[in-house]
Structures are given as C-alpha cells and as structure tokens.
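One letter stands for each residue in the lines below.
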Amino acid sequence: MATSPCSSSGFSSSSSSGLGADAGLEIRTRSVEQTLVPLVSQITTLINHKDKPKRSDKTLQAIQRVGQAVNLAVGRFVTVGEAIANENHELKEEMSVACIEARRAGETIAQLTDVASLDHPESDSHITIFTDKTGVVKAARLLLSSVTKVLVLADRIVIKQIITSRNKVLATMEQLEKVSSFQEFVQIFSQFGNEMVEFAHLTGDRQNDLKDEKKKARMAASRAVLEKCTMMLLTASKTCLRHPDCESARINKDGVFHRMRLALEQVIEIVTDSRPNGESEMPAISIYSGIKEFKNKVEGLRENLYFLSKENLSTMLEVILEHTEDFTDSAYTSHEHREHILELSKQAKMELEQLVSVWMQAQNQKTKDLMEDLEVAILKTCQCMNELKREVHSAATSLAADLLKYHTDHMVLKALKITGVEGNLEAVAEYTCKLSEQKEQLVEMCRLLRHVSGTEPLEITCIHAEDTFQVTGPQIISAAETLALHPSSKIAKENLEVFCEAWESQLSDMSVLLREINDVFEGRRGEKRVYLSLPRPGKHNANLKALKPVKLDTECHKYGYHLKEQAKIAKLGLELHLLTSDVDSETEKWEDQENEIVQHGQGMSSMAYSMYLFTRGEGLLKTTQDLFHQAEIFATEGTKLAAALQAFSDQVHSDDKPLLLLEAEKLMAMCKQLQITAKASVQGKSATFTKVDACILKTRNVMTLLCQLLPLCCKLLRKNKAGNVCLKPAPPWREDRIRTGSNGHTAERRTETFGIKSLEHHVTNMTFLESK
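Each value, and the rule that gives it
- Residues numbered from 1 in each chain as written.
- Predicted model: local features only at pLDDT ≥ 70, side-chain atom pairs only at ≥ 80, totals over all residues.
- Heavy atoms only, no water.
- Helix = DSSP H or I, 4+ residues; strand = E, 2+ residues; numbered from the N terminus.
- Buried < 20%, exposed > 50% of the residue type's maximum accessible area, 1.4 Å probe, protein only.
- Areas by Shrake-Rupley, 256 points an atom, 1.4 Å probe, with all protein chains shown as cover.
- Patch = residues over 30% accessible without salt bridge, like charges linked within 9 Å, V, L, I, M, F, W, Y side chains within 5 Å.
- Salt bridge = Lys/Arg side-chain N within 4 Å of Asp/Glu carboxyl O.
- Lys, Arg positive; Asp, Glu negative; His and termini not counted.
- Charge placed at Lys NZ, Arg CZ, Asp CG, Glu CD.
- Expected span 1.5 Å × (residues − 1).
- Axes fitted to C-alpha atoms, helices over the stretch in contact; angles between N-to-C directions.
- Parallel < 35°, antiparallel > 145°, perpendicular 65-115°, else oblique.
- Left-handed = near helix turned anticlockwise from the far one by under 90°.
- Contact = heavy atoms within 4.5 Å.
- pLDDT = per-residue confidence, 0-100.
- Disulfide = S-S within 2.5 Å.

1. Here we look at the overall build of the protein chain
A tally of regular secondary structure across the protein chain gives 26 helices and zero strands. Among the 772 residues that make up the protein chain, the fraction classed as buried is 51%. For the protein chain, the exposed area adds up to about 37100 Å²; of that, 51% sits on carbon and sulfur atoms.

2. Brief notes about a negative patch on the surface
Together, E318, E322, E325, D326 and D329 give the surface a local cluster of negative charge. Among the structural elements, D326 can be located in helix α11 (residues 310-328). On the accessibility criterion, D326 (37% relative accessible area) is partly exposed.

3. As for the pattern of salt bridges
Summed over all chains, the structure comprises 27 salt bridges. With its nearest N and O atoms 3.6 Å apart, the salt bridge here joins D509 to K228. Here K228 lies in helix α8 (residues 213-242) and D509 lies in helix α17 (residues 490-521), a separation of 281 residues in the sequence. The salt bridge involving R700 is made with E575; its shortest N-O contact spans 2.6 Å. Taken as a pair, R700 in helix α24 (residues 685-721) and E575 in helix α20 (residues 563-588) lie far apart in primary sequence, 125 residues in all. Residues joined by salt bridges that share partners form a network here, namely E247, R250 and D254.

4. Thoughts on α17
Here α17 spans 47 Å end to end across 32 residues, near enough to the 46 Å set by a 1.5 Å rise per residue. G523 occupies a position one or two residues after α17 and carries a positive phi of about 90°.

5. Side note on the packing of helix α10 (residues 287-300) against α11
Running from amino to carboxyl end, α10 crosses α11 at an angle of 155°, the nearest separation of the two axes being 10 Å. Classified by the angle between their axes, α10 and α11 sit roughly antiparallel to one another. Judged by the sense of rotation from one axis to the other, the crossing of α10 with α11 is left-handed. Between α10, through I287, G290, I291, E293, F294, K297 and V298, and α11, the contact on the second element is made entirely by L313, M316, L317, I320, H323, T324 and F327.

6. A short note on the confidence of the model for the protein chain
For the protein chain, mean pLDDT is 79; residues scoring 70 or higher make up 78% of the total. Predicted confidence for residues 1-24 stays below pLDDT 50, and this span has 46 contacts to residues more than four positions away or in other chains.

7. As for the state of the cysteines
Within this structure, the stated rule accounts for zero disulfides. In this structure C384 is a free cysteine whose sulfur lies 9.9 Å from that of C382, the closest cysteine sulfur available. According to the relative accessible area criterion, C384 is buried, its value standing at 1%. No disulfide involves C714; its sulfur sits 8.7 Å from that of C713, the nearest cysteine.

8. Let's talk about the packing of helix α14 (residues 411-422) against helix α15 (residues 425-451)
Across the interface, α14 lies against α15 with an axial gap of 9 Å and an inter-helix angle of 160°. Between α14 and α15, the crossing angle belongs to the class labelled roughly antiparallel. The element α14 and its partner α15 pack so that their crossing is left-handed. For the pair formed by α14 and α15, the contact residues are V412, L413, A415, L416, T419 and G420 on the first element and A427, V428, Y431, T432, K434, L435 and Q438 on the second.

9. Some words on the environment of E336
You can see E336 is positioned in helix α12 (residues 335-364). On the basis of relative accessible area, E336 is assigned to the exposed category, the value being 54%. Taking C-alpha positions, E336 is 9.2 Å from A395, a pair spaced 59 residues apart along the chain.

Take a look at the structure:
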C-alpha cells in the first residue's frame, strides 16, 4: 500500500492544511522517511501559523527567514539531485522534472513569505502568505511531492547497485561451477569472495534501512544463508575437483549452489518488492496471530454489536482449531498436552456458542442484563483462548527445550565423522538414518514453534531454521558418504566438518530463538516495551510476604460472582490501553526525546501498559501483588514527573507559570492517593478485587491528566524557544563534488557519493525557525 511522506512521517496536519503528497510513491526505507521529517515539520509550522490581527516585526522576520531557508536548502538539495540525474541516464528525465518542480516550489514559498519589508503584509496589493494561504499550501504540496520523488528515485539507484552486485555474483558462480582445475578455481574464487563482500555490505545497509520488520527478517535470513554457504561452496567445490567421479560429492556441491541461488533471488525479491511470475506472498498464519485477531474481534463487540457476522467469528475459530491439529497430530506432542489442547478446543466451541446466543439477543434487545451477560460471555471466551494459547505455547517450547538438550552432545555427527574416516560404509548408513530422524524431529519442532512465535520476524526465523535443517541434513549425509568412499581425503574430511558446524550453529541459534519466543510470550518483547519493575525477594517491605498473592486467572473465573467485577476491570484495562497510546503519541511529538518530562511520561506509559496486560491475563504481572507493586512504582514515577514540572515552571513565561504549577500539584496529589491505595493491606478475594479496581481506576485518572499535561508542556517549551533558534549556515557546496569528468573515480563510486545519504545531509540542514 502506498504511503505518503506526510503520513509516514507523522504529518498530523495534512488533512487540515490540505497538505499531502503523491499517493503513488511508497516509502520503504527509514533514510527516505527520516530525510522528509524536518521538511514536513517545518512546512507544517509555516502553514499552521496563527492568523492574528496584529503581527510583530519579530514574527514577520521569522516567517521570512523560514521561507528563505526552505528555498536555499531546496536549491542545494536540487543540485545534488541534478548531479545524480547526470550520472544515471535511465532516471535523468524523471529526476530532472522532479528537481525543476522542487526548485519552483521553493522559490514560490520564498516569494509568499517575503513579508518583513512590507508595511502592510496583509494588503491585497501584495500576494503573501497572509493573503494567499491556498498558494502556500499548493507550493508546499508540490515541494513535498517533488522532494519525495527525488528521494525515491535516488533510492532506485541503491536497488540498482544491489541488483548489479547480485548479477556479478551469479556470473562468477557459473564460472566456479564449470572449472576443472584447482589453479583456475583459486583465481575465480578469489574474485567471487570480493564480490560477496561487496554484496554483503550493500545488503547489510539495505537491511538496516528497511522499515518493514518482516522484510528485514527475511533479508537477515537470506544473508545468513549466503554467509554460511560461501564456506560450504569452497569446500564442496574443492572436494568435487579432488574426486570428480564421486556422485555424492557432486550432489553435495550442487545442493550448495542451488541454495545460494535461491537466497540471492530472495534478496532481490525483498529489495524490489516483487515476487516471481507475479505471485502474491501468502501471509504466514500461526495460532498465536489467529487467537490475537479472534480476541480483538470478540472484544470489539463491546463497542459495536453489528460490525461482523457470527459466521465470520465461527470461521476464525475453525481456522485456529485446524492449526491446533499440527500439535494434536504430531508424534512428538506429549499425551498430556494433546489431551489439554483437545479439551480446550472443545471448550472454545462451547464458549463461542454461548457468546453468539447472547450476542444475537443483545442485537434485538439491548437491556442492561443482556449487556452484562454479553460482557461475561466475552470474558469467558477470551479467557478460554488465552488458556489455549498458553497450552500450545507450553507444548511447543517444552518439546523444543527437550530436543535441544538431548542433541547438545552432537553424538550422531561425531559418529559420522569417525565412521567416515574409517571408511565404514555400513556404519555411515546407520548413522545417516539416525541423522534423518533427528532432522525430522527438529523440523517438526520449528513448525510448532512458528505457531507460538508471537511476532512476524520470529515466525520468519522459525521458517528459516526449518529450511536450514531440511537442507543441511541431506548435505551432511552426502558429505559423510563422500568421506566414507575416500577415507584418506583431507578435503573430504574438511568438507564434512564445515557442514557439521553449520548444523551445530543452527542448533545453537535455536536456543536463542526459544528464549526470544518465551520473552515475547511473557511480555518482555514485542509491540511495546514493558516496564520491568517486579519485586525481588528480600528487596522490599517485609509485609509483602504476609500477603498471599491472588492470581486473576482461571481460578477466579470458577466463581460466578467474580465475573462482573472482572468485566469492570477489563473495561478499565481497555481505557488504560487507549490512554497509553495517546501518551505515546504525545511523547513522540517532542523533538528532544531525552527531556526529563518525556522520559518520565514514557516510563509511566510503559507501566500503565503492563497493568493493562494484567487485566487480559498476559504480561509480566502475574499476581495481584505484582499489580499493586507496579502501581506503587507508577505513582513514584508520577511524583518525579510532578517535581520535573515544577522545575520546568521556572523556565516558562510568567503568565503560563500558575497553570503549570496547578497541574503539577494536581498530579502530585493523585499519585499520593494511588500510593496509599496500593500500599493498603486487604484480606479476601472480594477486598482484593476492590483494591485492584481502585488501583487501575486511579492509574487511569493519572494517565488522563498526563495526556493533558504533555501537549501543554510541549506547547510551552516551543513558545519559550520561539524566536531564539538560529539558522545553521549550510555547508558550502564544493563544485569538484559534482564534476562528472576525469576525477579518477569509477561511476559506481560517484553514484555512492550522490546516494541517499548525500541527499539526506542537505535536507537535514534545513533548520528553520518555529513560529509561535
């Protein structure tokens, strides 16, 4: 889907100002997006200046300086773009048009903001930003669109470099496949090594620059294959040259070349965003993502009873339960896990039937009792899905942990090496069967882990691991057979070592992957960071030990009289979730992310988010005592923020100080109340639920205040800085950098000089004045 530079850069005023960009331009890299951010931000400031009846000379001078700075910076930017166009003839026409448009738009903005020397800038006799705001908006739209075009066209050059580098690697690989002598092989492989290094640098930079985390993970997987296969290609080719008549050596070598070609092709698919033969990429479907989407739909019934059909919901559950068959049909799933999964699948169907029944009644008659029954049905359905997710996670991760522990000694690989050197073909055949069994186990493990991986990048890592075991197993077998046929061959022995090391390395990677999957499940990683402030034994008050922790989970759901209380807490949790999103949105608007106010705000948002996860039975807060401790830490952080606000009040204008101090005092009082509530001792489940409710309610109230405080502080900070920011002088543009003649550099080197980073440098130097 195409993304405008405005939306991708957080350009919130685009709709109100009529500002936008070419919808046909998709920004796929961070460098392009970040290059546009200062331009979008400053033009937005210019467009959204407040129309006041009286304007000071200082304001008029500031507006004029902004317009001149835009024009000058765009001029330097266009110079770079034109130099790129001259060196890349296939893009020259498009780039030249975009540069002309950008230059014209920059000049128009400079003319419309030339107001400082006028006695009456709002007079109709002079067309200015005050008399022709539509003209400024049009010029700004054209400027953003043309600058984005230049950046995207420059990005195409980077893609072209990667494709050219890939083509070189492929051509050299073809030569390596056909060599018949060691001397020729050594010469060509040396060239191949240099080309692979260049390709690795280009693709590494591209991987880091990609915005899409899924594509980034796919790129990382492909590059890992190429890195490992480079050494395999060396030893497999040498073995084939030493033993030209050996069929197993040829099979081994062909496998490496084939895998490298697939990896190279995937890299090009990612950078060009294309699929072979126009195929569309099938979305990866896992139990984890299916349950997440299903729960979102179910919980959406609270807001809208008519936004989806019961058939749609039933189909979603059917798909999830079909995927659980991967676990129940697996020979490696324990009997206990299988029974639990089947039992929970049956329960999920029953809970959905009950939910649909109440839901249909509520559509016809929206009474208070029916809405309460619907809330209970929603909670029970979601709780059942959480338990199913927990069960499949436990099944997959316990299997993975057992297999990885069992295979850490690498006994089969060691046996293959020994029997190969002995030339014992019968023993090699026996151990290759054992390796094939091990491969099937590990492949099944990867398939099950994919279902519970939790994020798309980790899903892709699981798929990559599965492919690696699937391919490397047969390659080890062919290498071992070659060694058994030529037991005195040092190169055949070295070749087997290389493939065994790749297998061992993948097993080691699986241990890391398993930890990451567990981290996501426990809430330590994923879509949003969670503030880690859980109590440690012996580190906190002794009275914590006297309280028996109560868990807000299935035990509580067994008691019907707790369901309405949980429904209330669930609603508060959702409100808290929305507020954390609002706070995050406000903190992202601050230029200085290291500001003390921002830091405290982000910390409080993360803690509030972990409390929201608790209401869903997820995350790191496992018991009510964990929640109460988190509320205490949250209140402490709020108190620190209040102190920071009081300090900040000394820097603001005297007219604004009383309001800020009033808000700081209000925050301080609310945090003290929350601390008192969180520290209060309670006994029994009913009292515990009341305390949970009170803590989350008071946290919500603090977050509501925080949503009001952050934009206020941001506004006061900008107001305080207005008129005090100086324009940085742009670095002189050296003519020798744009010469395309005999400067001794290759065309490729010049292209790199005029790549994205050069453009980024010039746009980033657009340092404009912020208006009041």
